[in-house]
Amino acid sequence: METYADWLRARGDDELRALLSARPELLAPVPADLTALAARAATPAAISRALDRLDRFTLAVLEALLVLPAPAPTGPEELAAALDATPAQVEDAVGTLHRYGLVWGNGTLNPAPGVRQALPHPAGLGPPVQEVFAGYSRERLTDLVTDLDGEAPRGFADSARLIRRLAELLSAPGPLIDDAGPEALAALDHLTWGPPVGRVADARRPVRVGTAATPIERLLARGLLAAEDDRTVTLPREVALHLRGGRLFRDVPAEPPPLTPPPGEPRAEDVVIRAAAGEAYNAVRLVEELLERWGLDPPPVLRSGGLAVRDLRAAAVLLDVPEWKAALLVEVAYAAGLLTRSGDLDGEWLPTPAYDLWLMRDTAGRWTELARGWLKSDRAAGLAGERDDRDRLINALSEAMVRGSAPATRRATLEVLVDAGRGAVGEDALRDRLAWLRPRRGGRTRDRIIGWTLREAAVLGLTGFGEPAPFARDLLAGADPEPALEKHLPAPVEEILIQADLTAIAPGPLVTELARELALAADVESTGGATVYRFTPESVRRALDAGRTAADITGLLTRHSATPLPQPLTYLIDDVARRHGRLRVGALASYVRTDAPATLDEILADRRSAPLRLHRLAPTVLASGLQRADLLDGLRAMGLAPVAESPGGGVIVTRPDAQRADPPPTAEIVRLRPEERTDASMISAAVRALRAGDEASMHGAEQARLRADAPSGEPPRSPAMATVDRLRTAVDRGGRVWIGYLDQQGQASSRIVEPVRVEGGFLTGYDATRAAVHRFALHRITGVAELTDDPAP
């Protein structure tokens, strides 16, 4: 008799690749052979994930297959009649079920192992009479049949015979339902279309037709309900189908609902692209501005984890955005690996070293990292500021933001927008389409994530006026979105327009170095199509405090100014620099030193110096009981420009260097769900491994190793860089290579490998000598040789 594993074994390689593409979780790790694959595909978790991917009509076809009486129908005609659909529509759905491995068989359709257990109430129907009354005692079955037949069964009747007679009596339950009364019928109506299970009190108590008082008792006495336990009753399938008029479903459309556009005129394509590209650039700029600030002044991590409300509010003020948008940008930076917490206790939220690498990329590359992080993250930024089930505040960056369904819902929402073609889609129509596409993943949480996805996609520049941009389509398809985005982004500029009113205008995005230096020496006054900076004594002093000199500032502005520097600006820089550092503050607790005693006389005579607790140690030295930082702030509040001094007399740069925090070695930067799409080359390698594993299990592993054609002699050796280059070439070209590999005990072995990918310090490929897909640590590979070449000694 053919089994499910035999059916899988008889599939072609293309069909196996389609199965593994549709259900990539079956590859973690690659099963040893097709018998192991069949066992894994039938596990409850694997079946549930496969069912979650079915649309409403395909799921209805599968449920109809479980409900229709055996033997299973031999073609789509019976299923089409049960679903009021065309045979062609049913054939498409059955093809999907075959591809997912949820039905199998040649000539007949059989549900895969585990499917019946995963769908205990297909089509909202309970078990048939033969099953639902199987737990009744013989005495209770006898009483039930006696009441319905009007006389006791003749002769000895075992439970099986009694249940068969009960099934005959309930095959046409109309008179029994009428006899139970309208109140009992109303109770049945609640269970008719599912779920077929209800909760009552004392369902196990024996009750007869003549003594039944309540509507539920009347139904139990007539077999119209079956008692599962003391408090649970179930509606038998035959009774439900009678109440439904023979229909399996109320309404299961074979086609998805239409995608209707929102009110208003559609936008031109170039307008959509420009709007999306502008938002993409703005998102990159805001993330950079936020992380630059947090690198210097990081917010603390709450004891419960996450970001404090006041710090999120401060970030919103800094970026001049609403708090929900600030929470989104913070979460996106975290998801992209640019932000993490430092330490386990009393930590701070700091940029990671990856942020510095991110800054080295162009704007399109930076946006791609942010968008990919957002797309894969299982965190819902829209929850920030809300309350959980226990009325506790949900903070940004906390674990309470995690929603496991977020990445799948996010991607599905965008894919529907992409499939809709040109034009935006109304939010209600989008929800209806997703409810049809993924009926098992519905609920209030999904509807909220859909709304957040539309809002966040617009902020991040994936959509413009509700329509996906071309670079967003590339991102979803797994292609490189940078070329499509780059040509729509404003080119970075290296020149600014400096005006006599001490302002500078940046006509576009600045190159990274100029942007950082200008942000240090000037304050941003306004943003938009152009950014306006204003030079003030405080901003110039900020640059001087950071170690820049007047010559450095003047030289930078001269190099990047489209016009000669105006005199008011040079006077401002020289004047602040001339006074900067004339006073020096140290720690004795602290002191003030200057070469001009008259300056100290002025300070002591000023009433504002009283809180500084100053007294004179020498004509040129004042001492204070305050700490050096407090004394510096107090003197600057008086309009002076002191600098900090080291014990050796050198100037201390008071602006701290930007801080960085490495992600904890035992934790991921952000929890990501596995990719819904698995690399095609990896799937092909897995199919080969499954076939080889099957062959090895039948003919012996030694036969498989012999067929690998491993060369004789010592394993190959080659320099490390050459090894990696040869492996990358083999991945691009395709084919087999001979490698030497050291195991954990340092023992060398020869392997014949078909490389699939080289990344993250590992080679992944099909190991022909082991008939399996393996990951090899690159540092343990002693060398690589082409099989067509003579190996190096």
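For the structure itself, consult the block above.
The following refers to the structure shown. (Residues numbered from 1 in each chain as written. Predicted model: local features only at pLDDT ≥ 70, side-chain atom pairs only at ≥ 80, totals over all residues. Heavy atoms only, no water.)

Our next topic: the packing of aromatic side chains. Enumeration over the complete set of coordinates arrives at seven aromatic pairs. Between Tyr 741 and Phe 776 the ring centres are 5.0 Å apart and the planes differ by 80 degrees, which places this aromatic pair in the edge-to-face class. Of this pair, Tyr 741 sits in strand S20 (residues 737-742) while Phe 776 sits in strand S23 (residues 772-777), and the two are 35 residues apart along the sequence. The class of Tyr 741 is buried, set by a relative accessible area of 9%. Taken together, the ring pairs in this structure connect Tyr 4, Trp 7 and Trp 104 into an aromatic cluster. Note that Arg 366 overlies the ring of Trp 358, its terminal NZ or CZ placed 5.2 Å from the centroid. (Phe/Tyr/Trp six-rings, centres within 6.5 Å; stacked < 30°, edge-to-face > 60°. Helix = DSSP H or I, 4+ residues; strand = E, 2+ residues; numbered from the N terminus. Buried < 20%, exposed > 50% of the residue type's maximum accessible area, 1.4 Å probe, protein only. Lys NZ or Arg CZ within 6 Å of the ring centre and 35° of its normal.)

Another point: the packing of helix H21 (residues 406-419) against helix H22 (residues 427-437). Two measures define how a pair of helices packs: the angle their axes make with one another and the distance between the axes. Orientation of H21 relative to H22, taken along the N-to-C sense of each, is 110 degrees, at an axis distance of 10 Å. On the basis of the axis angle, H21 is roughly perpendicular to H22. H22 is crossed by H21, and the crossing has right-handed handedness. Contact with H21, carried on its side by Ala 412, Thr 413, Val 416 and Leu 417, involves Leu 430, Arg 433, Leu 434 and Leu 437 of H22 and no other residues of that element. Across the contact of H21 with H22, the residue classes break down as six nonpolar, one polar and one charged. (Axes fitted to C-alpha atoms, helices over the stretch in contact; angles between N-to-C directions. Parallel < 35°, antiparallel > 145°, perpendicular 65-115°, else oblique. Left-handed = near helix turned anticlockwise from the far one by under 90°. Contact = heavy atoms within 4.5 Å. Nonpolar A, V, L, I, M, F, W, Y, C, P; charged D, E, K, R; others polar.)

Tracing the sequence through the fold places Tyr 766 in strand S22 (residues 762-767). Residue classification places Tyr 766 among the buried positions, given a relative accessible area of 5%. In sequence terms Tyr 766 and Ala 400 are 366 residues apart; their C-alpha atoms lie 40 Å from each other.

Strand order in the open sheet made by the three strands is S3-S5-S4, with antiparallel pairing throughout. What marks the edges here is a single partner per strand, and that holds for strand S3 (197-199) and strand S4 (226-227). As paired strands, S4 and strand S5 (residues 232-234) are joined by two bridges and run antiparallel to one another. Bridged to Ala 227 within S5 is Val 233. (Pairing = 2+ DSSP bridges.)

Let us look at the pairing of strand S21 (residues 748-759). With six bridges connecting them, S20 and S21 associate as antiparallel partners. When the sheet's bridge partners are listed, Leu 742 is paired in S21 with Ala 748. Pairing of S21 with S22 involves six bridges; the strand directions are antiparallel. When the sheet's bridge partners are listed, Glu 754 is paired in S22 with Tyr 766.

It is worth spelling out the packing of helix H17 (residues 309-319) against helix H18 (residues 323-335) at this point. Where H17 contacts H18, the two axes come as close as 8 Å, and the packing angle between them is 100 degrees. When the axis of H17 is compared with that of H18, the two are roughly perpendicular. Between H17 and H18, the contacting residues are Leu 312, Arg 313, Ala 315, Ala 316 and Leu 319 on the first element and Glu 323, Ala 326, Ala 327 and Leu 329 on the second. Split into classes, the residues belonging to the contact of H17 with H18 amount to seven nonpolar, no polar and two charged.

Its volume calculated, the second largest pocket comes out at about 800 Å³. For the second largest pocket, the lining is made up of 34 residues, of which Arg 53, Tyr 100, Glu 415, Leu 437 and Arg 438 are closest to its centre. Elements with a minimum of two residues in the lining of the second largest pocket: helix H2 (13-22), helix H5 (56-67), helix H7 (87-99), H21, H22 and helix H24 (470-476). Among the elements that line the lining of the second largest pocket, the one with the most residues is H21, at eight residues. The residue makeup of the lining of the second largest pocket, split by class, is 15 nonpolar, five polar and 14 charged. (1 Å grid on protein atoms, 1.4 Å probe; cavity = no way out; pocket = protein on both sides within 12 Å on 5 of 7 lines; lining within 4 Å. Points joined across faces, edges and corners; volume = space filled by probe spheres on them.)

Here the focus is the nonpolar core. Judged by nonpolar contacts, the single largest core of 90 residues is most densely connected at Leu 20, Phe 57, Leu 62, Leu 102, Phe 133 and Leu 166. If one sorts the elements of this core by residue count, H5 sits on top with nine residues. Apart from the residues within four sequence positions on either side, Leu 62 is in contact with Leu 51, Leu 54, Leu 97, Leu 102, Val 103, Val 115 and Leu 119. (Core = buried A, V, L, I, M, F, W, Y, C linked by side-chain atoms within 4.5 Å.)

Moving on: H7. Under the 1.5 Å per step criterion, the end-to-end length of H7 is 18 Å for 13 residues, consistent within 8% with the ideal 18 Å. Those residues of H7 not exposed but buried are Val 90, Ala 93, Val 94, Thr 96 and Leu 97. For H7, the buried positions fall inside an angular range of 155 degrees around the axis, keeping them on one side. Two residues or fewer past H7, Gly 101 is found with a positive phi of approximately 70 degrees. (Expected span 1.5 Å × (residues − 1). Arc of directions from axis to C-beta.)

Before going further, it helps to examine H5. An α-helix turns once every 3.6 residues. As a result, residues three or four positions apart point the same way. End to end, H5 covers 16 Å across 12 residues, agreeing with the expected 16 Å (1.5 Å per residue, within 8%). Within the span of H5, buried status applies to Phe 57, Thr 58, Leu 59, Ala 60, Val 61, Leu 62, Glu 63, Ala 64, Leu 65, Leu 66 and Val 67. Between the side-chain oxygen of the N-cap and the backbone nitrogen of Phe 57 there are 3.0 Å, and the N-cap of H5 in question is Asp 55. (Polar contact = N/O pair within 3.5 Å; in protein donor to acceptor, adjacent residues only side chain to side chain.)

Attention now goes to empty space enclosed by the protein. Applying the stated criterion to the full structure yields three cavities of 30 Å³ or more. Considering the residues around the second largest cavity, the lining is formed by Leu 328, Glu 331, Val 332, Ala 335, Trp 374, Ser 377, Arg 379, Ala 381, Arg 410 and Glu 456. Examining the composition of the lining of the second largest cavity, we find that four residues originate from one element, H18, more than from any other. Here the lining of the second largest cavity is built from residues that sort into five nonpolar, one polar and four charged.

Turning our attention to the pattern of salt bridges. Side chains bearing opposite charge may pair, as long as their charged atoms lie close to each other. In total, this model carries 34 salt bridges according to the counting rule given. Here Arg 165 ties to Asp 149 by a salt bridge, and the two come within 2.7 Å at their closest N and O atoms. Here Asp 149 lies in helix H10 (residues 138-149) and Arg 165 lies in helix H11 (residues 159-170), a separation of 16 residues in the sequence. For Arg 165, a relative accessible area of 29% corresponds to the partly exposed category. In this structure, Glu 292 engages Arg 516 in a salt bridge whose closest nitrogen and oxygen atoms are separated by 3.1 Å. Remark: Arg 516 occurs in helix H26 (residues 512-521) and Glu 292 occurs in helix H16 (residues 269-296); sequence separation between them is 224 residues. The structure contains a network of salt bridges with shared partners spanning Glu 427, Asp 428, Arg 431 and Asp 447. (Salt bridge = Lys/Arg side-chain N within 4 Å of Asp/Glu carboxyl O.)

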